[in-house]
Amino acid sequence: MSDRVKMTVSNGIADVRLNRPDKRNALDPDMFLALVSTGEALKCRDDVRVVVLSGEGSSFCAGLDLASMGALAGDSGSPSASDAPSIMGTGGRVTHLAQQSAWVWQEVPMPVIAALHGHALGGGIQIAMGADIRIAHPATKFSVRETFWGLIPDMTGTLTITRHVRPDVAKELVFTARIFEGAEAHALGLVTSLSDDPLASAMALARDICAVSPDAVRGAKELINSRVNEDAAQQFADEQTVIQSLIGQHNQIESVAAYFEKREPRFSDASIKRS
Amino acid sequence: MSDRVKMTVSNGIADVRLNRPDKRNALDPDMFLALVSTGEALKCRDDVRVVVLSGEGSSFCAGLDLASMGALAGDSGSPSASDAPSIMGTGGRVTHLAQQSAWVWQEVPMPVIAALHGHALGGGIQIAMGADIRIAHPATKFSVRETFWGLIPDMTGTLTITRHVRPDVAKELVFTARIFEGAEAHALGLVTSLSDDPLASAMALARDICAVSPDAVRGAKELINSRVNEDAAQQFADEQTVIQSLIGQHNQIESVAAYFEKREPRFSDASIKRS
Amino acid sequence: MSDRVKMTVSNGIADVRLNRPDKRNALDPDMFLALVSTGEALKCRDDVRVVVLSGEGSSFCAGLDLASMGALAGDSGSPSASDAPSIMGTGGRVTHLAQQSAWVWQEVPMPVIAALHGHALGGGIQIAMGADIRIAHPATKFSVRETFWGLIPDMTGTLTITRHVRPDVAKELVFTARIFEGAEAHALGLVTSLSDDPLASAMALARDICAVSPDAVRGAKELINSRVNEDAAQQFADEQTVIQSLIGQHNQIESVAAYFEKREPRFSDASIKRS
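**Here we look at the sheet that holds strand β5 (residues 119–121) of chain A**
Residues and elements named next belong to chain A.
Next up, step 1: Across the sheet, three strands lie side by side as β5-β7-β8; this open sheet has mixed pairing. The open sheet has two edge strands, β5 and β8 (180–181), and neither has a second partner.
Next up, step 2: Pairing geometry for strand β7 (residues 141–143) and β8, over two bridges, is antiparallel. Residue pairing across strands places Lys141 opposite Glu181, the latter belonging to β8.
Next up, step 3: Helix-sheet contacts for helix α5 (residues 123–130) involve β5, β7 and β8, and the interaxial angle to β5 is about 95°.

Rendered as structure tokens:
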């Protein structure tokens, strides 16, 4: 197994860290696999009462590894071109993997608290939204970044964002792909609370949760999730349909190419029909 | 076609305006038809990236044309009595038209930003809630006004209001029919943001959205809507059932008659049974 | 019938009061029965336009009667041991009764405004969340208290809390069982508005609602509820499944025993499997 994710368990609290600090914990195939396998392993850990999910280094997660973007720019000679399908999920099973790296935190039976700092962009904010509770440093930079690349937030983000903010707020953030800071994220509802030391605050909250029965806490997570996560599978299938209709089409390739060529994109009219 | 709605398209942005300024854009059968036909035409406009919906003159929309209220007061001699069924929607197909004048903005594939000023009352606030994003002048007067006339908000408002505010807030606003201003609307969640020049702010946001791929933006709208608009058809059918049980009954007629006779209404006990 | 609940009707407003002030209106079998029978009787009262629900004495409702906790601590010799199944609802029909004491306020056709002061803990906050609108004194003490006793909020609270606050907020409150005051409850969305005299404010709002047609108000409540209470029956069945898996198991008994023995609980690993 890779060392992309570190986990230590102490006093019933699992300290799980994205561990690629030199890349601001950017998401590559190894990172997706490590996140999912960590989550799957936690499903069997009856001794773990609470999970705290954070990032080593300067950021929680800066999003998809930019080195993978070559293929999305139509650059088939890019060294990472062969990774693109597995990263962006055009391959069915692998799309499931990217979605699962964010969703597994809803599936584990114990509470998951995300401690956020630095950046939570693109896939990073989607993983954060998969946690049960979010504590962020006020200067954390957030963005639902995907439309900037001609994509949509297909890592379960189209479901989870509608659970935290109103539809008009979700649309404004997704349509513009703008960057916003922790204080605004808190005001909008994307962050549960702010802290100058999010990891310490998350650990303190985890200890508070350990003061009550772990069976009751697990039962409560199951019951609240049954209300807020209804029909999730259908939504994830819809994400797969839409992302597959976008990848490789002109406006998607142009989004990425313009970025790398440091120019404004020249879009054609909307051209993709689905239903 | 009537000139009740004006549309001009420039740089991918459709500037759509309710255009009956001498009546504060009050809703009559021609206005319903013009709104729906404009929306339906936009469904085929692949060159339109964003729609900005606003009102000419002093208001966005003051609600249902008061001249139509004669029939609802049981005044069969009113010149507008024959319009009442088509306006208030007792006729099946025509109720669909009134609902569609608010809902078509969810169905068009591109984002719709409503720029609100002056008044957004009754049908006006329901059309505004049908847009994806709302930018309002802080002094805009809002009201979910229908119970004042013995009616319910049957232009898709019973669905859209529950998407923007909590059920207790929705009930308080609907049960009292009170008037509230833009700043409170923003605090409650009915307005996305405030601006002293809502039309200019809506155009600026539209330009921001034009900076990313139109196909990605359309895909994002489709996916977010699939989460927030589930079971909409059933709710609209329920609206039709309830409004048809109210129109022409004693307490509905008394609501309107008391207003025109400038006196307090004298209601009988609740008497309408549905299930 | 017991005198656990008092009701007086005047000018179309039903003033309903939990009436066990010496016990801060704690919930015992008689109180559950009195609440449900009052609500059921209101379903037929066409002359009642609005219900105001409040508590006599120093509190709205301090939650489950502590005298009933002996049985939950495994103390079979407790005088109240035989009450435990009927209070906590392990018996099918009786669980329905506890849920119904909170839910009946959604089922009555007229608006229900809860006026809250003192304490709204455990079952008390669940009954409050069953009302349509909540007005609270800023110093009211709230808590979703059940996990502290090794239980979950099984009186319809797992549904109603997700209608008023985001899932992360719901989870934080339920997982920690912490006590919070009215001002925070308002900021989080659990309270519609604050008042230094909640009962007077609730009566004033009730009179405002009486200014519009009672048939329209009932129609609006029906339509808004059809959106926000979908699939409620399934959720209530899920609550029954989870609570029955918790009661009498080690961590639940330990939660209550530690409280009565004034010591920290010693929990075993999570051990309850459901699916």
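From this point, things continue past the structure.
**Describing the interface of chain A and chain C**
Next up, step 1: With 36 residues of chain A in contact, the opposing surface of chain C contributes 37 residues.
Next up, step 2: Summing the contributions of chain A and of chain C, the shared interface buries around 3,000 Å²; its carbon and sulfur component is 63%.
Next up, step 3: At the boundary of chain A with chain C, the tally comes to three salt bridges.
Next up, step 4: A salt bridge links Arg134 of chain A to Asp168 of chain C; the nearest nitrogen and oxygen atoms lie 4.0 Å apart.
Next up, step 5: Elements supplying a minimum of two residues to the side of chain A that touches chain C: β6 (133–136), α6 (157–164), α9 (198–209) and α10 (214–228) of chain A.
Next up, step 6: Sorting elements by how many residues they give to the side of chain A that touches chain C places α10 of chain A first, with 15 residues.
Next up, step 7: Looking at side-chain class alone, the side of chain A that touches chain C contains 15 nonpolar, eight polar and 13 charged residues.

**Thoughts on the packing of aromatic side chains**
All names here are of chain A.
Next up, step 1: Considering all chains together, one arrives at 15 aromatic pairs over all chains under this definition.
Next up, step 2: Their ring planes at 85° and their centres at 5.1 Å tell us that Phe148 and Trp149 sit as a pair that is edge-to-face.
Next up, step 3: By relative accessible area, Phe148 is classed as partly exposed at 26%.
Next up, step 4: In this structure an aromatic cluster arises from ring pairing among Phe148, Trp149, Tyr259 and Phe260.

**Structural notes on the relation of the copies chain A and chain C**
Next up, step 1: Once chain A is rotated about the relating axis by 120° and shifted along it by 0.0 Å, it coincides with chain C to within an RMSD of 0.0 Å. On the angle and the small slide along the axis, the relation comes out as a three-fold axis.
Next up, step 2: Little of the interface of chain A is mirrored in chain C, where only 6% of its interface residues are also at the interface.

**Thoughts on the relation of the copies chain B and chain A**
Next up, step 1: In the superposition of chain B on chain A (RMSD 0.0 Å, axial shift 0.0 Å), the rotation amounts to 120°.
Next up, step 2: Looking at the interface residues of chain B, only 6% of them are also at the interface in chain A, so each copy uses its own face.

**Here we look at the pairing of strand β4 (residues 112–116) of chain B**
Residue and element names in this part refer to chain B.
Next up, step 1: Of all five residues in β4, five are buried; the element is thus mostly enclosed.
Next up, step 2: Burial along β4 is two-sided: Val112, Ala114 and Leu116 and Ile113 and Ala115, pointing in opposite directions, are all buried.
Next up, step 3: Where strand β3 (residues 50–55) and β4 come together, three bridges link them in parallel fashion. Across the sheet, Val52 pairs through a bridge with Ile113, a residue of β4.

**Some points on a nonpolar patch on the surface**
Next up, step 1: On the surface, a nonpolar cluster with roughly 270 Å² of combined accessible area is contributed by Leu66, Tyr259 and Phe260 of chain A.
Next up, step 2: Locating Tyr259 of chain A in the fold gives a position in helix α12 (residues 250–260).

**Here we look at the interface of chain B and chain A**
Next up, step 1: Taken together, the 36 residues of chain B in the interface contact 37 residues of chain A.
Next up, step 2: Summing both partners gives a buried area of about 3,000 Å² for chain B against chain A, and 63% of it is carried by carbon and sulfur.
Next up, step 3: The largest per-residue losses of area from chain B upon contact with chain A belong to Asp215, Leu223 and Arg227 of chain B, which jointly make up 26% of the total buried on that side.
Next up, step 4: Remark: the boundary between chain B and chain A carries three salt bridges.
Next up, step 5: One salt bridge connects Asp132 of chain B with Lys171 of chain A, and the closest N-O pair in it is separated by 2.6 Å.
Next up, step 6: Linking chain B with chain A are twelve residue pairs in polar contact (both at pLDDT 80 or more), by the criterion used here.
Next up, step 7: Looking at the side of chain B that touches chain A, the elements that each hand over two or more residues are β6 (133–136), α6 (157–164), α9 (198–209) and α10 (214–228) of chain B.
Next up, step 8: Here the side of chain B that touches chain A takes 15 residues from α10 of chain B, the largest share from any one element.
Next up, step 9: Per-class residue counts for the side of chain B that touches chain A are 15 nonpolar, eight polar and 13 charged.

**Structural notes on the environment of His119 of chain A**
Residues and elements named next belong to chain A.
Next up, step 1: Here His119 is to be found in strand β5.
Next up, step 2: Using a relative accessible area of 19% as the deciding quantity, one classes His119 as buried.
Next up, step 3: Taking the C-alpha atoms as reference, His119 lies 8.6 Å from Ser143; in sequence the two are 24 residues apart.
Next up, step 4: Leaving out residues up to four positions away in the same chain, His119 has contacts with Arg24, Ser59, Phe60, Cys61, Ala62, Thr140 and Lys141.

**Examining the state of the cysteines**
Next up, step 1: The final tally for this structure, using the stated rule, is zero disulfides over all chains.
Next up, step 2: No disulfide involves Cys44 of chain B; its nearest neighbouring cysteine sulfur is the one of Cys210 of chain B, lying 19 Å away.

**Considering the sheet that holds strand β7 (residues 141–143) of chain C**
Hydrogen bonds along the backbone pair up the strands of a sheet, which may run parallel or antiparallel.
Residue and element names in this part refer to chain C.
Next up, step 1: One open sheet accounts for three strands, arranged β5-β7-β8; its pairing is mixed. Single-partner strands in this sheet number two, and they are β5 (119–121) and β8 (180–181).
Next up, step 2: Bridge count between β5 and β7: three bridges; the pairing is parallel. Residue pairing for β7: Leu121 is matched across the bridge by Ser143.
Next up, step 3: Where helix α5 (residues 123–130) meets the sheet, its contacts fall on β5, β7 and β8, and the angle it forms with β5 comes to roughly 95°.

What counts and what doesn't
- Residues numbered from 1 in each chain as written.
- Chains lettered and ligands numbered in written order.
- Predicted model: local features only at pLDDT ≥ 70, side-chain atom pairs only at ≥ 80, totals over all residues.
- Heavy atoms only, no water.
- Pairing = 2+ DSSP bridges.
- Helix = DSSP H or I, 4+ residues; strand = E, 2+ residues; numbered from the N terminus.
- Contact = heavy atoms within 4.5 Å.
- Axes fitted to C-alpha atoms, helices over the stretch in contact; angles between N-to-C directions.
- Buried area = accessible area lost by both parts, 1.4 Å probe.
- Salt bridge = Lys/Arg side-chain N within 4 Å of Asp/Glu carboxyl O.
- Nonpolar A, V, L, I, M, F, W, Y, C, P; charged D, E, K, R; others polar.
- Phe/Tyr/Trp six-rings, centres within 6.5 Å; stacked < 30°, edge-to-face > 60°.
- Buried < 20%, exposed > 50% of the residue type's maximum accessible area, 1.4 Å probe, protein only.
- Least-squares fit on C-alpha atoms with pLDDT ≥ 70 in both.
- Patch = residues over 30% accessible without salt bridge, like charges linked within 9 Å, V, L, I, M, F, W, Y side chains within 5 Å.
- Areas by Shrake-Rupley, 256 points an atom, 1.4 Å probe, with all protein chains shown as cover.
- Polar contact = N/O pair within 3.5 Å; in protein donor to acceptor, adjacent residues only side chain to side chain.
- Disulfide = S-S within 2.5 Å.

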